[in-house]
2 protein chains.
Amino acid sequence: MLDRIDNLLAELKKQQADSCFISSTANVYYLSGYYTDPHERIIGIILVDQLDPIFLLPKMEEKDAREAGWKHLIVGYYDHENPWHCLQEFLKKQEKQPAVMAIEKNHLTIQRYNELQETFPNVTYTDATEAIQNLRLIKTKKEHDLLRTAAELADFGVKTGVEALKEGVTELEVVATLEHALKKQGIREMSFQTMVLFGPKTASPHGNPDKTKLEKNNLVLFDLGVIYEGYCSDITRTVAFGNITDQQKHIYDTVLGAQERAVEASKAGTAVGELDKIARNYITEQGYGEYFTHRLGHGLGIETHEYPSMHSENTLPIEPGMCFTIEPGIYVPEVGGVRIEDMLFTTNYMPIELTKYPKTLQIIS
Amino acid sequence: MLDRIDNLLAELKKQQADSCFISSTANVYYLSGYYTDPHERIIGIILVDQLDPIFLLPKMEEKDAREAGWKHLIVGYYDHENPWHCLQEFLKKQEKQPAVMAIEKNHLTIQRYNELQETFPNVTYTDATEAIQNLRLIKTKKEHDLLRTAAELADFGVKTGVEALKEGVTELEVVATLEHALKKQGIREMSFQTMVLFGPKTASPHGNPDKTKLEKNNLVLFDLGVIYEGYCSDITRTVAFGNITDQQKHIYDTVLGAQERAVEASKAGTAVGELDKIARNYITEQGYGEYFTHRLGHGLGIETHEYPSMHSENTLPIEPGMCFTIEPGIYVPEVGGVRIEDMLFTTNYMPIELTKYPKTLQIIS
């Protein structure tokens, strides 16, 4: 992890920061190798020039952080203590006071920021968001491998879910079956709440599985992912349970056509917003423009949704080593919805599709 | 939900605010009845004096919000649009401009705050955190009923988990079994990541289940909860799989004694910090003070961890209608850990224990 810390400090030096306070779960994990959801407690990696990195965290987690591989300083605090005072005392002892501190303005709350300012009143604050976002944007070979395994497990989740489809089964039963199978594979946590939707419910891009029962000739939408060693996967497939109408088939073919066109265009140098436009234009040509109500996709890695946002106005050019989703969808009320989503890893040439479950319409009978 | 909105506006008027912007998932749910995790997107309930409440949210979620019962204004935005501009335009049309706006300083990030300030440059900002926290602190009869059902389902989860214990089963398999059973009961989501720990791993208060296998004479720790209609439960039980040592039994009895003493003291008028002290003193008397490394508990409701924090320095007096956990623990490295946690609902007299799974040491053979 030390190379990541060094890279971050080098980036921050460019903006005259001699220190930083990093407190989001994802970035703390990126820099420390220790993943923890602190709930309302404070955790943070504090980097100060010429000082060994500091991990501020609840005392009860010290041992876990060590076991996860953190070899540097730890400032632990009890629940009844003020973490800021503990940190301040520690730095005083080291005779180190930061001058310009970079913080995560896209994460730190106003309240925490005020507390930080009270603790270090003579410090100037800058924003670390972009620097760390740019570091995380380009994945290493090791991160690629973790994402690939996470994607394979997502494929397995869809496969297991499809196999569990039978008349009368509920959405939640299918969720339970596929998550049970993934837990047996050693998956502790899904990367987001698994979505299994039947029939007309597929028309909601953010629908929730419940006790709705599967009926013949339903569309079935799966959207799921796992966390594998800290890295997230994300896949969506829509299948037909029995026969579907010509209109539903046309919607399916349109989404698939849009998805494949965007995947094919995912080459180094292309702006990510272009991909959204390519998919959107195709869907619009086919008459469904108004029913594609969200962006094309999102970056993913330590977080399911991370930088960059794949929306039409984003001019960020694709570089090798990026990982993002391509997931156009069409949602027609009463008729149903179709979304097809893959995780892509970009290279110097064609992108690698990390998720591999078949995309041609699967008819389950 | 309109009474909650009215109550909030009345509270805010006391601090001269004529408007507010509420954007945390939990508080948006509290005020709107619509639960959504917006990930990196913005959602918000905007209340402006003399104007119907406004829900700012992604266009693709408008329908879901309506179906969840939102009857007031909606400002929807597409992913490529600037939500702040959409909101500003809308308010301009209504010829309403806020003067003093209350925001959630414990939730809003610096970045969002800067965007809000740019959108409404002539507004003064105050903090809505305390007002809304105080409203949510005292639960209604309906909230009590939901929490009770959530607690019953948590009991069922522990029961199912205990029944799944057998030599050689892995922690993750037990997690899978009990979550599968809960999903069949209609539970879509756990309130946090289920913890099932075997043997020496119980000594970590934040341990993670993995493929560790159950062995004879292991302590087994369950910490889990469900979300039932938006309300969270949380229970911890530690059981013995076979025989445990005299020291482990002594630890169990000590935790149980501390827990029961704190539960008994949970009466209106007592400061919540007193409860922590009562449990901590007892554990210290028995010689394990240094191994009780966290606070006594936390409030819960829409969030698993919410106000108040049950730590020793908290002077907040208990009132009827509060819901919190009492969960002392002792964690001795190599020897093992024991935690016993119940959800309490306070009344004018004795507290109601919402979780009811037996607390006397269960020996599973």
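Since the structure is predicted, the reported quantities are computational estimates derived from the model, not experimental observations. (Residues numbered from 1 in each chain as written. Chains lettered and ligands numbered in written order. Predicted model: local features only at pLDDT ≥ 70, side-chain atom pairs only at ≥ 80, totals over all residues. Heavy atoms only, no water.)

### Some words on the domain arrangement of chain A
Residue and element names in this part refer to chain A.
For step 1, the next point in the chain: Along its sequence, chain A is organised into domain 1 (2-136) and domain 2 (141-364).
For step 2, the next point in the chain: Taking only C-alpha atoms into account, the centre of domain 1 sits 35 Å from that of domain 2.
For step 3, the next point in the chain: Contact residues are listed per partner, giving seven residues for domain 1 and eight residues for domain 2.
For step 4, the next point in the chain: Of the roughly 720 Å² buried between domain 1 and domain 2 on both sides combined, carbon and sulfur atoms contribute 54%.
For step 5, the next point in the chain: The largest contributions to the domain 1 side of the interface with domain 2 come from Tyr-29, Gln-133 and Arg-136, which together make up 59% of the buried area. (Domains from an automatic or database assignment. Contact = heavy atoms within 4.5 Å. Buried area = accessible area lost by both parts, 1.4 Å probe.)

### Regarding the packing of helix α1 (residues 2-14) of chain A against helix α6 (residues 129-137) of chain A
All names here are of chain A.
For step 1, the next point in the chain: Remark: α1 packs on α6, axes separated minimally by 10 Å, with the N-to-C direction vectors making an angle of 135°. For the element pair α1 / α6, the angle class is oblique. Viewed along their axes, α1 and α6 form a crossing whose handedness is right-handed. The segment α1 lies against α6, with Arg-4, Asn-7, Leu-8, Glu-11 and Leu-12 engaging Ala-131, Ile-132 and Leu-135.
For step 2, the next point in the chain: The residue makeup of the contact of α1 with α6, split by class, is five nonpolar, one polar and two charged. (Axes fitted to C-alpha atoms, helices over the stretch in contact; angles between N-to-C directions. Helix = DSSP H or I, 4+ residues; strand = E, 2+ residues; numbered from the N terminus. Parallel < 35°, antiparallel > 145°, perpendicular 65-115°, else oblique. Left-handed = near helix turned anticlockwise from the far one by under 90°. Nonpolar A, V, L, I, M, F, W, Y, C, P; charged D, E, K, R; others polar.)

### Thoughts on the packing of aromatic side chains
For step 1, the next point in the chain: Evaluated as defined, the whole model comprises ten aromatic pairs over all chains.
For step 2, the next point in the chain: Aromatic pair A:Phe55 and A:Trp70: ring centres 5.2 Å apart, planes at 75°, arrangement edge-to-face. With A:Phe55 in strand β3 (residues 54-58) and A:Trp70 in the loop between α3 (62-67) and β4 (73-77), this residue pair connects regions lying 15 residues apart in the sequence.
For step 3, the next point in the chain: Geometrically, the ring pair formed by B:Tyr29 and B:Tyr35 is edge-to-face, given 5.5 Å between the ring centres and 75° between the ring planes.
For step 4, the next point in the chain: Put simply, the rings of A:Tyr34, A:Phe55 and A:Trp70 touch in pairs and so form one group of aromatic residues.
For step 5, the next point in the chain: Above the face of the B:Tyr282 ring, B:Arg261 is positioned so that its terminal group lies 4.0 Å from the ring centre.
For step 6, the next point in the chain: Its guanidinium or amino end placed over the ring of B:Phe292, B:Arg280 lies 3.9 Å from that ring's centre, counting from NZ or CZ. (Phe/Tyr/Trp six-rings, centres within 6.5 Å; stacked < 30°, edge-to-face > 60°. Lys NZ or Arg CZ within 6 Å of the ring centre and 35° of its normal.)

### Some remarks on the pattern of salt bridges
Residue and element names in this part refer to chain B.
For step 1, the next point in the chain: A complete count under the given rule lists 46 salt bridges over all chains for this structure.
For step 2, the next point in the chain: Salt-bridge contacts for Asp-79 lead to Arg-41; the nearest nitrogen and oxygen are separated by 2.8 Å. In this pair, Asp-79 is assigned in the loop between β4 (73-77) and α4 (83-94) and Arg-41 in the loop between α2 (25-32) and β2 (44-48), connecting sequence segments 38 residues apart. By the burial criterion, Asp-79 is buried, and Arg-41 matches it.
For step 3, the next point in the chain: Across the pair Lys-201 and Glu-171 runs a salt bridge, and its minimum N-O distance is 2.6 Å. (Salt bridge = Lys/Arg side-chain N within 4 Å of Asp/Glu carboxyl O. Buried < 20%, exposed > 50% of the residue type's maximum accessible area, 1.4 Å probe, protein only.)

### Some thoughts on the sheet that holds strand β19 (residues 363-364) of chain B
Strand pairing in a sheet is mediated by backbone hydrogen bonds. Such pairs are either parallel or antiparallel.
All names here are of chain B.
For step 1, the next point in the chain: The strand order across the open sheet built from four strands is β7-β8-β11-β19, with neighbouring strands paired in mixed fashion. Among the strands making up the open sheet, the edge pair consists of β7 (195-198) and β19.
For step 2, the next point in the chain: As defined by bridge partners, strand β8 (residues 218-224) adjoins strand β11 (residues 235-241) across seven bridges and the pair is classed as antiparallel. Residue pairing for β11: Val-220 is matched across the bridge by Val-239.
For step 3, the next point in the chain: The strands touched by helix α7 (residues 141-163) within the sheet are β8, β11 and β19, with β8 carrying the most contacts at an inclination of about 150°. (Pairing = 2+ DSSP bridges.)

### Observations regarding the side chain of A:Thr36
For step 1, the next point in the chain: By secondary structure assignment, the location of A:Thr36 is in the loop between α2 (25-32) and β2 (44-48).
For step 2, the next point in the chain: Of the polar contacts made by the side chain of A:Thr36, one reaches the side chain of A:Glu61; its length is 2.7 Å.
For step 3, the next point in the chain: Look past the residues within four positions of A:Thr36 in its chain and what remains in contact with it is A:Thr25, A:Ile43, A:Glu61 and B:His206. (Polar contact = N/O pair within 3.5 Å; in protein donor to acceptor, adjacent residues only side chain to side chain.)

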